[in-house]
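Structure assessment
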Amino acid sequence: MNELIDIFERQIAATDITFVRSVISTINWNARLIGIRGARGIGKTTLLLQYIKINLTNELNKVLYVSLDNVWFNNNRLIDLAITFEKSGGKYLFLDEVHKYPNWSQEIKNIYDTLPSLKVVFTGSSLLEILNSRADLSRRAVVYEMKGLSFREYLSIETGVELNTVSLNDILENSSDVSRDILKEIKPFQYFEAYLKFGYYPFYKEEKELYYLRLGEVVNLMLEIELPMLRKVEVAYIPKIKQLLSIIASAVPFIPNVSKLSQKIDINRNTLLSYFHYLDEIGLTQNLFKENTGISLLQKPMKVFLENTNLMYLLAKENTNTGNLRETFFANQVSYQNSINFIEQTDFLVNEKFKFEIGGKNKMNEQIKDLEDSFLVLDNIEIGRDRTIPLWLFGFLY
């Protein structure tokens with residue numbers, strides 16, 4: 001265990017707390033068992049280490065952070081580590097990358113049930129299943145979803161200006177006033193294009209010139225390691241999934257024709273539909289359906305977007321479609337705390353009530369003028385009026 005403690009102490013010493021994600025304040029850190037799920041590369045590890053450095057520095061002798069992909073676990077069990085740690089006075093155990101550890105859910109359940117004085121926080125892939133037949137953690141763990149940087153968070157990093165989140169209701173009811181208040185602090189269009197290209201994953205700050213190389217590695221690990229490990233996808237099919245992602249990236253936007261697509265990439269219909277489902281689960285795409293409930297593995301999505309705009313520039317490079325880019329940004333930022341669905345009359349239905357049509361600054365409101373609770377969301381405008389709202393403002397929802 002001493003070698004794990006040494007690694008943890010070095011990591012804490014190197015952890016920067018200059019900028020801390022706002023999600024840190026939404027988590028109930030007092031809970032005995034906390035799970036944080038999210039796609040690879042969005043900052044889960046940093047969040048844990050920052051929380052420890054900010055809140056538990058005076059109790060570091062009672063804290064241990066470990067990543068379960070450490071080779072130490074090749075010959076040692078997690079449950080034994082927890083027992084030894086608790087006996088030595090440990091109170092806070094942070095477990096990263098739990099999906100890399102076989103039988104993780106059963107052992108965490110045992111830790112929870114047998115070591116009541118120990119608080120445990122664990123992170124894992126978006127594919128992490130908290131409820132399964134062997135160890136039901138759903139009744140024990142408080143689970144949070146984590147996404148990449150919002151446009152607001154990116155602006156705070158780039159400008160050093162602390163910017164508040166804005167609720168969806170405030171955007172819909174007072175967009176002009178809210179926009180003017182923000183414009184007193186920053187000029188969003190100085191940064192918006194850069195955010196769309198490389199502002200979603202926090203590691204963009206490290207070596208910007210290598211950003212797409214690193215993002216490509218992240219995507220490959222999700223496809224080549226996590227999907228086969230957690231969803232039993234055959235490795236031989238991974239090139240076809242990559243081909244599917246490239247098609248989605250350059251679409252206008254992508255409305256799947258399952259029959260044609262299954263012929264084009266040479267896989268059967270049911271397999272293709274399951275891939276759509278898995279890509280959404282893992283955080284590489286976002287599927288839109290007409291309804292929220294009862295979505296099955298083999299249900300065809302009405303529209304498919306990449307999960308964020310940075311992936312579009314990685315996979316489609318210069319072939320990104322402007323309309324798809326705008327809709328992808330909107331879907332990504334809005335869906336974090338709201339339901340979002342396909343609707344025939346406009347581009348999006350949000351919270352089963354509000355209808356949104358997305359477009360450029362010259363788009364007219366003909367499509368929504370007779371629709372109740374409908375709004376026109378336009379790119380390349382700083383301030384809207386009436387039912388017209390600037391697209392960038394939806395980047396302040398979280």
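Above this text is the structure in question.
Small disclaimer: the values here were computed from a predicted structure and weren't measured. (Residues numbered from 1 in each chain as written. Predicted model: local features only at pLDDT ≥ 70, side-chain atom pairs only at ≥ 80, totals over all residues. Heavy atoms only, no water.)

On a plain count of helices and strands, the protein comes out with 13 helices and 12 strands. Taking 398 residues into account, the globule formula puts the C-alpha radius of gyration at 21 Å, and the protein, at 22 Å, falls close to it. Principal axes of the C-alpha set define a box for the protein whose edges measure 70 × 55 × 40 Å. Every one of the 398 residues in the protein was classed for burial, and the buried ones make up 55%. (Helix = DSSP H or I, 4+ residues; strand = E, 2+ residues; numbered from the N terminus. Rg over C-alpha atoms; globule rule 2.2 N^0.38 Å. Buried < 20%, exposed > 50% of the residue type's maximum accessible area, 1.4 Å probe, protein only.)

Taken together, the 5 strands give an open sheet; going across it, the order is 2-3-4-1-5, and neighbouring strands pair in parallel fashion. The open sheet is flanked by strand 2 (63-67) and strand 5 (142-146), the only strands paired with a single partner. Pairwise comparison of adjacent strand axes, ignoring direction, gives a mean angle of 15° for this sheet. Both strand 1 (residues 33-38) and strand 5 contribute to a ladder of 5 bridges, which runs parallel. By the bridge assignment for strand 5, glycine 38 is matched with methionine 146. On the sheet, helix 4 (residues 104-114) packs against strand 1, strand 3 (92-96) and strand 4 (119-124) and is oriented at approximately 165° with respect to strand 4. (Pairing = 2+ DSSP bridges. Axes fitted to C-alpha atoms, helices over the stretch in contact; angles between N-to-C directions. Contact = heavy atoms within 4.5 Å.)

Because an α-helix completes one turn every 3.6 residues, residues spaced three or four positions apart along the sequence face the same direction. Taking 1.5 Å per residue as the helical rise, helix 2 (residues 44-55) with its 12 residues ought to reach 16 Å, and the 17 Å between its terminal C-alpha atoms agrees with that figure. Every buried residue belonging to helix 2 is among Lys44, Leu47, Leu48, Leu49, Gln50, Tyr51 and Ile52, and all of these are buried. Contact partners of the buried residues in helix 2: helix 1 (2-14), strand 1, strand 2, strand 3, strand 4 and strand 5. (Expected span 1.5 Å × (residues − 1).)

Two elements in contact, helix 1 and helix 2, have axes whose closest approach is 9 Å; the angle formed by their N-to-C orientations is 80°. One element, helix 1, and the other, helix 2, form an angle in the roughly perpendicular class. In this structure, helix 1 contributes Phe8, Gln11, Ile12 and Ala13 to the contact, and helix 2 contributes Leu49, Ile52 and Lys53. Its residues assigned to classes, the contact of helix 1 with helix 2 comprises 5 nonpolar, 1 polar and 1 charged. (Parallel < 35°, antiparallel > 145°, perpendicular 65-115°, else oblique. Nonpolar A, V, L, I, M, F, W, Y, C, P; charged D, E, K, R; others polar.)

Further remarks concern the nonpolar core. By size, the foremost hydrophobic cluster in this structure holds 133 residues, and its most contacted members are Phe94, Phe122, Phe330 and Phe356. Apart from the residues lying within four places of it in its own chain, the contact partners of phenylalanine 94 are Trp29, Leu48, Tyr51, Ile52, Leu56, Val63, Leu64, Tyr65, Val66 and Val121. (Core = buried A, V, L, I, M, F, W, Y, C linked by side-chain atoms within 4.5 Å.)

On to the sheet that holds strand 10 (residues 354-359), then. Spatially, the 5 strands line up as an open sheet ordered 8-9-10-11-12, and their pairing is mixed. Both outer strands of the open sheet, strand 8 (340-341) and strand 12 (388-390), are each paired with one neighbouring strand and no more. Two strands pair when backbone bridges link them, and strand 9 (residues 348-350) and strand 10 are joined in this way by 3 bridges, in the antiparallel orientation. For phenylalanine 348, the partnering residue across the bridge sits in strand 10 and is phenylalanine 356. Contacts from helix 6 (residues 168-183) reach strand 9, strand 10, strand 11 (374-378) and strand 12 within the one sheet, and its direction differs from that of strand 12 by about 75°.

Our focus in this paragraph is the layout of surface pockets. The calculated volume of the largest pocket comes to roughly 1,300 Å³. Forming the walls of the largest pocket are 49 residues, and the residues nearest its centre are Arg21, Gly43, Thr46, Gln50 and Pro202. When contributions to the lining of the largest pocket are tallied by element, the ones reaching two or more residues are helix 1, helix 2, strand 2, helix 5 (151-159) and helix 8 (211-231). The greatest single-element share of the lining of the largest pocket, amounting to 6 residues, is contributed by helix 2. Class assignment of the residues belonging to the lining of the largest pocket gives a composition of 17 nonpolar, 18 polar and 14 charged. Lining the second largest pocket we find 40 residues, and of these Glu145, Asp280, Glu281, Thr285 and Gln286 sit closest to its centre. Listing elements by their share of the lining of the second largest pocket, those giving two or more residues are strand 1, strand 5, helix 11 (269-282), strand 6 (285-288) and strand 8. Per-element tally for the lining of the second largest pocket: the top contributor is helix 11, with 5 residues. Its residues assigned to classes, the lining of the second largest pocket shows 16 nonpolar, 16 polar and 8 charged. (1 Å grid on protein atoms, 1.4 Å probe; cavity = no way out; pocket = protein on both sides within 12 Å on 5 of 7 lines; lining within 4 Å. Points joined across faces, edges and corners; volume = space filled by probe spheres on them.)

Glycine aside, the phi torsion of most residues is negative, and most peptide linkages are trans. Look at the link from valine 252 to proline 253: it is a cis peptide, with omega at -25°. Positive phi values are uncommon outside glycine, yet asparagine 103 reaches one of about 65°. Among the secondary structure elements, asparagine 103 is positioned in the loop between strand 3 and helix 4. Of the residues examined, asparagine 103 reaches a relative accessible area of 33% and is grouped as partly exposed. Of note in the backbone geometry, aspartate 373 takes a positive phi value of approximately 55° without being a glycine.

So, about helix 4. Here helix 4 has its buried residues at Trp104, Ser105, Gln106, Glu107, Ile108, Lys109 and Ile111. In this fold, the buried residues of helix 4 make contact with strand 1, helix 3 (78-87), strand 3 and strand 4.

With that settled, consider the packing of aromatic side chains. Between two aromatic rings, the relevant description is the distance of the centres plus the angle of the planes. What the rule picks out here adds up to 30 aromatic pairs. A centroid spacing of 5.3 Å and a plane angle of 50° characterise the contact between tyrosine 154 and tyrosine 204, whose relative ring orientation is tilted. Residue tyrosine 154 is found in helix 5, and its partner tyrosine 204 is found in the loop between helix 7 (192-198) and helix 8; the two are separated by 50 residues along the sequence. Like tyrosine 154, the residue tyrosine 204 is buried in the burial classification. Stacked on the ring of tyrosine 112, the Lys or Arg arginine 32 has its end atom at 3.9 Å from the ring centre. Geometry around phenylalanine 348 places lysine 303 over its ring, the cationic atom sitting 5.7 Å from the centre. (Phe/Tyr/Trp six-rings, centres within 6.5 Å; stacked < 30°, edge-to-face > 60°. Lys NZ or Arg CZ within 6 Å of the ring centre and 35° of its normal.)

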